[in-house]
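Structural characterization, general
Okay, here's what each chain looks like letter by letter:
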Amino acid sequence: MSSLRFLDVAGAVGLVHAAEEFPDAHRLILTGVRPRVQRVLDRCGAPFATQLVVRTRDDQPPVEQPPAVRPPAAQAPAAQAPAAQAPADRPPVERPSPEQAPA
Amino acid sequence: MRIETTRSANAVRLEHAAGFHDSATDLLDQLVPLVQQTVERGEPLAIALQPATEEALADRLDGRVAPEDRLVRLRQPDGGPAGLSAQTLAARWALELRALSVAKGRPVTVLNEHAAALDGADGRFWTELDAALNVALADLPVRITCFYPELPLHLEILDGARRNHPLLLTGGELRHNPGHHDPRAVLAARPAARPPLLGPPDVRLSFSAWQLHEVRDTVEQALSGRGYERERMEDIVLAVNELATNAVEHGTPEAQLSLWTGGHGLLCEIDDGGTLRDPLPGLHAPHPAEPRGRGVWIARQLCDSLHVWADGRGTHVRVHAIP
């Protein structure tokens, strides 16, 4: 969600209601939410929707740096290395792209 | 900026009564027992009385109207640059009374008195206020009694009071009012007044549903460098965006945005050519399961004043927002 700069009330209500439709054990997780968007979600009932998890940009887990080992050039391109090396049970870490970074 | 929660379940609902008096003494004779009963029940008391009435009431009650920790003076309307808005006043009182009833955990008794200074040209302010209170306080544990003179300057004040109040205070007892009407029916017959004209706007923009981002950008530019904090600016942009969305979604495909900037804060009007179906939009928190109807309600709480009215040219909303 980090590239979303504005969310109107209908959009926020839609997300809250969508999460509430989920089974109890399921979660709709919004990550990288900007404070402006989070305030709209809060005003539209997000804190009361247990199936909705809102993670702000500050709540992001620390970005795990890939090991400083250069893979053999012939085996894998550098861009694919982090995803390929992440364990299967660990959630992928979102990295803001340069154009999404705060000014 | 505080936002009301939409989730509440109160056993006591609004009791809205009108009382009529022929003199200041008669008014006090009716007020004193209401105050005494409230104090005996240990409930909070909120008042919107004239200063002279409050002073005389305190004299009758040995110096104090009620214990200070259970007495609240409701915010009085101030016209400001946007003009008087009874619906804005009702929304503010709803916010204050909700907070008071939650804080004290008890129903709140409200004593409200007519003030001739707010009559305007025809007294319509009071009709709008009572209708708006019926909507805004509908789910609150509030007992409100509004006192009017038996002979006000404008007949509209008496007519509106008789149509708006489900209960009448007569002889110290509340009785059903057979002349009571639904608030929306009352305002359909006597619509909210248009506020004073503001002159040529500093910015004017026609927009469609595809140009809402231009509306947001225009408002943000108008607020920049005028002392608004970033968060406050974003809230105002959100409020205007909701009103603009309603205009092009429920009004006409094209609507107009007008902005006035200056030392008075931001004044904004959104005009469309559509029909106003609900004369009192956004005064009541929609049920959480309701997918629509929340935008104007949130906008009302983010702005210092929000007044909706309709005329032969369409539907209009005026917003005032200070830093």
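Residues numbered from 1 in each chain as written. Chains lettered and ligands numbered in written order. Predicted model: local features only at pLDDT ≥ 70, side-chain atom pairs only at ≥ 80, totals over all residues. Heavy atoms only, no water.

So, the overall build of chain B
Within chain B, the regular secondary structure consists of nine helices and 12 strands. Over its C-alpha atoms chain B spans a radius of gyration of 20 Å, differing by no more than 12% from the 20 Å that the globule rule assigns to 323 residues. Seen through its principal axes, chain B has C-alpha atoms that stretch 60 × 40 × 40 Å. Counting across all 323 residues of chain B, residues that qualify as buried make up 55%. Relative to all contacts within chain B whose residues are 6 or more apart in sequence, the contacts with residues 24 or more apart total 72%. (Helix = DSSP H or I, 4+ residues; strand = E, 2+ residues; numbered from the N terminus. Rg over C-alpha atoms; globule rule 2.2 N^0.38 Å. Buried < 20%, exposed > 50% of the residue type's maximum accessible area, 1.4 Å probe, protein only. Contact = heavy atoms within 4.5 Å.)

Some remarks on the nonpolar core
What tends to happen in soluble globular proteins is that the nonpolar side chains get buried as a cluster. Residue and element names in this part refer to chain B. The biggest cluster of nonpolar side chains holds 53 residues, and the ones touching the most others in it are Phe207, Val219, Leu257, Leu266 and Ile270. Ranked by residue count, the leading element in this core is helix H8 (residues 230-251), at 10 residues. Excluding anything up to four places from it in sequence, Leu257 contacts Val203, Arg204, Leu205, Phe207, Val215, Thr218, Val219, Val240, Cys268, Glu269 and Ile270. In this structure, Leu14, Ala86, Ala136 and Leu158 belong to the second largest nonpolar core, which totals 38 residues. (Core = buried A, V, L, I, M, F, W, Y, C linked by side-chain atoms within 4.5 Å.)

What about the confidence of the model for chain A?
Interpretation of the predicted coordinates at a detailed level should be avoided for regions scoring low in pLDDT. With 56% of its residues at a pLDDT of 70 or more, chain A has an overall mean of 71. Within chain A, no element has a lower average pLDDT than helix H3 (residues 81-85) of chain A, which sits at 36, and none a higher one than strand S1 (residues 28-33) of chain A, at 95. (pLDDT = per-residue confidence, 0-100.)

Digging into the interface of chain A and chain B
Where interface size is given, it is often the accessible area lost as the parts come together that is meant. Each partner contributes to the interface: chain A provides 14 residues, whereas chain B provides 21 residues. Of the roughly 1,500 Å² buried between chain A and chain B, counting both surfaces, carbon and sulfur atoms make up 55%. Between chain A and chain B we count five salt bridges in total. Taking the shortest distance from any N to any O, the salt bridge between A:Arg36 and B:Glu220 comes out at 3.7 Å. Summed over the shared surface of chain A and chain B, the number is four residue pairs in polar contact (both at pLDDT 80 or more). Of the residues that constitute the side of chain A that touches chain B, the class distribution is seven nonpolar, two polar and five charged. (Buried area = accessible area lost by both parts, 1.4 Å probe. Salt bridge = Lys/Arg side-chain N within 4 Å of Asp/Glu carboxyl O. Polar contact = N/O pair within 3.5 Å; in protein donor to acceptor, adjacent residues only side chain to side chain. Nonpolar A, V, L, I, M, F, W, Y, C, P; charged D, E, K, R; others polar.)

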